[in-house]
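Breakdown of the fold
Here is how the chains run, residue by residue.
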Amino acid sequence: MLLVDAKTMQEMDRHTIEAVGIPGIVLMENAGRGCTDVLLKEFGSIVHDGCLVVAGPGNNGGDGFVIARYLEQRQCKVNIICLCNLEKFRGDALANLNICQNLKIKIHECPDEETLNKRQAIFDSSAVIVDAIFGTGLSREIRGHYATAVSMINSSSAKVLSVDIASGLSSDTGIYSEPL
Ligand SMILES: NC(=O)c1ccc[n+]([C@@H]2O[C@H](COP(=O)([O-])OP(=O)(O)OC[C@H]3O[C@@H](n4cnc5c(N)ncnc54)[C@H](OP(=O)(O)O)[C@@H]3O)[C@@H](O)[C@H]2O)c1
C-alpha cells in the first residue's frame with residue numbers, strides 16, 4: 001500500500017479532480033460508499049441497533065453524510081451530529097448535507113459544548129459511531145467541543161469507524177496532541 005502524507009493526498013485529490021476530471025462529488029460518493037461497505041462487513045450484525053455519524057465542518061463530514069444516506073437506505077436508524085452550524089458547509093459536503101435533509105435523516109446541529117452535551121444519550125444508545133470529524137484537513141490541535149466529541153466517542157461502548165483517520169491524529173505523524 002502506498003502511504004502518503006496529508007499534503008500529498010490533497011495534491012492527489014486536486015489532480016484527480018482538476019487534471020483527470022473526476023468531479024469531487026464522485027470522489028466523495030465513492031469514499032462514502034467504500035466506507036459503508038467496510039462498516040457493513042465489520043459491524044453488519046449490529047448496524048440496525050443504531051448508527052451515529054459525527055460530522056466535522058469539511059469534506060470529511062461530507063463523506064459522513066454519504067455514509068448516513070447509505071445506512072438509511074438499509075433501513076438503519078441513523079442520527080447525524082454536526083459539530084458546526086449547518087451554514088458552514090460548502091461544496092460537495094453541502095450537497096450531501098442537503099440530500100440527507102431531503103431524506104429526513106435526523107440531523108442535530110451542535111456547534112458548541114452545550115448543544116453537544118445535550119446529545120450524550122445518542123452517543124450512549126448508538127451501536128456504531130462513524131467518526132467523520134476531521135481527515136487530512138486537520139490543521140491544528142483540537143480544542144473545545146471538537147475535543148469533547150472525540151472523548152464522547154472514545155468513552156462510548158459503540159464500535160467506531162473513522163473516515164480516513166481517527167479525528168485528532170495528525171495524518172503525517174499519527175500523533176494526537178492533548179487539547180490545552
Ligand atoms: N470530494 C472531496 O472533496 C473529497 C475527496 C477526497 C477526500 N475527501 C475527504 O475529505 C477530507 C479532506 O477534506 P477537507 O480538506 O475539507 O478537510 P477536513 O479533514 O474535512 O477538515 C477541514 C475542516 O476542518 C476545520 N479544522 C481543521 N482543523 C481544525 C481544528 N483543530 N479545530 C476546528 N476545526 C478544524 C477546517 O477549518 P479551518 O478552515 O478553519 O482550518 C475545515 O473546515 C479527507 O480526509 C477525506 O475524508 C473529500
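Refer to the structure above for everything that follows.
The paragraphs below set out a description of the structure included in this document. (Residues numbered from 1 in each chain as written. Predicted model: local features only at pLDDT ≥ 70, side-chain atom pairs only at ≥ 80, totals over all residues.)

**A word on helix α7 (residues 144–155)**
The α-helix winds at 3.6 residues per turn, so residues separated by three or four positions along the chain end up facing the same way. As a reminder, the rule being used: Runs of E in the DSSP output that reach at least two residues are strands. Runs of H or I that reach at least four are helices, and both are numbered from the N terminus. In a helix, the anticipated span is given by 1.5 Å times the number of residues less one. Labels follow a simple rule on C-beta atoms placed from the backbone: if 20 or more others lie within 10 Å of a residue's own, it is buried; if 12 or fewer, it is exposed; otherwise it is partly exposed. Working note: the arc is built from the helix axis to C-beta atom directions. Contacts are defined on C-beta atoms placed from the backbone: any two residues whose C-beta positions lie within 7 Å are in contact.
Taking 1.5 Å of rise per residue, the 12 residues of α7 would be expected to cover 16 Å, and the 17 Å separating its terminal C-alpha atoms lies within 8% of that figure. Listed in full, the buried residues belonging to α7 are Y146, A149, V150, M152 and I153. All buried residues of α7 lie within an arc of 160 degrees about the axis, which places them on one face of the element. Residues of α7 that are exposed and angled more than 90 degrees away from the buried face: S151, N154 and S155. Where α7 is buried, its residues meet β1 (51–55), α5 (113–117), α6 (120–125), β4 (128–132) and β5 (159–162).

**Some words on the site of the ligand**
Definition in use: By convention here, the C-beta atom is placed from the backbone, and a residue is near a molecule or strand when that atom is within 6 Å of it. Under this grouping Gly is polar, as are all residues other than the nonpolar Ala, Val, Leu, Ile, Met, Phe, Trp, Tyr, Cys and Pro and the charged Asp, Glu, Lys and Arg.
If you check the shell around the ligand, you find 25 residues, and the closest are G58, N59, N60, G135 and G137. Listed by contribution, the elements that provide at least two residues to the shell around the ligand are α2 (24–43) and α3 (59–73). When the residues that make up the shell around the ligand are grouped by side-chain class, the tally is nine nonpolar, 10 polar and six charged.

**Some thoughts on the sheet that holds β1**
Under the convention used in this document: At least two DSSP bridges between two strands are required for those strands to pair. Fitted lines through C-alpha atoms serve as axes, helices being fitted only where they are in contact, and the angles separating the N-to-C directions of these axes extend from 0 to 180 degrees.
Taken in spatial order, the five strands make up an open sheet running β3-β2-β1-β4-β5, and their pairing is parallel. Of all the strands in the sheet, the pair left with one neighbour each is β3 (106–109) and β5. Ignoring which end each strand starts from, the neighbouring axes of this sheet average 20 degrees apart. Where β4 lies against β5, four bridges are found, and the strand directions are parallel. Bridge pairing links D131 to S162 in β5.

**A word on the pairing of β4**
The following threshold applies: The crossover handedness rule: strands pointing away from the viewer, path from first strand over the helix to second strand clockwise, crossover right-handed.
In terms of residue burial, β4 counts as a mostly covered element, since five of its five residues are buried. Of the two faces of β4, the one carrying V128, V130 and A132 and the one carrying I129 and D131 are both buried. Here β1 pairs with β4 via five bridges, running parallel. Paired with A55 across the two strands is A132, which belongs to β4. A crossover links β4 with its parallel partner β5, the connecting element being α7, and its sense is right-handed.

**Comments concerning the pairing of strand β2 (residues 78–82)**
Within β2, five of the five residues are buried, which leaves the element mostly enclosed by the surrounding structure. Neither face of β2 is exposed, since V78, I80 and C82 on one face and N79 and I81 on the opposite face are all buried. Direction of pairing for β1 relative to β2: parallel, over a ladder of five bridges. Residue pairing for β2: V54 is matched across the bridge by I81.

**Regarding helix α1 (residues 6–20)**
Here α1 is 15 residues long and its end C-alpha atoms lie 20 Å apart, about the 21 Å a rise of 1.5 Å per residue gives. Within two residues after α1, G21 carries a phi angle of roughly 95 degrees, on the positive side.

**Digging into unusual backbone geometry**
Not every positive phi belongs to a glycine, and Q75 is a case in point at roughly 60 degrees. Phi angles above zero are rare outside glycine, and D164 is one such case at about 75 degrees. Checked against the element boundaries, D164 lands in the segment after β5.

**Here we look at the nonpolar core**
For clarity, the cut-off: One nonpolar core equals one set of buried Ala, Val, Leu, Ile, Met, Phe, Trp, Tyr and Cys residues connected by C-beta atoms within 7 Å.
The biggest cluster of nonpolar side chains holds 44 residues, and the ones touching the most others in it are V53, V54, A55, I81, L83, V130 and A149. Mapped onto this core, the elements with two or more residues apiece are α2, β1, α3, β2, α4 (91–102), α6, β4 and α7.

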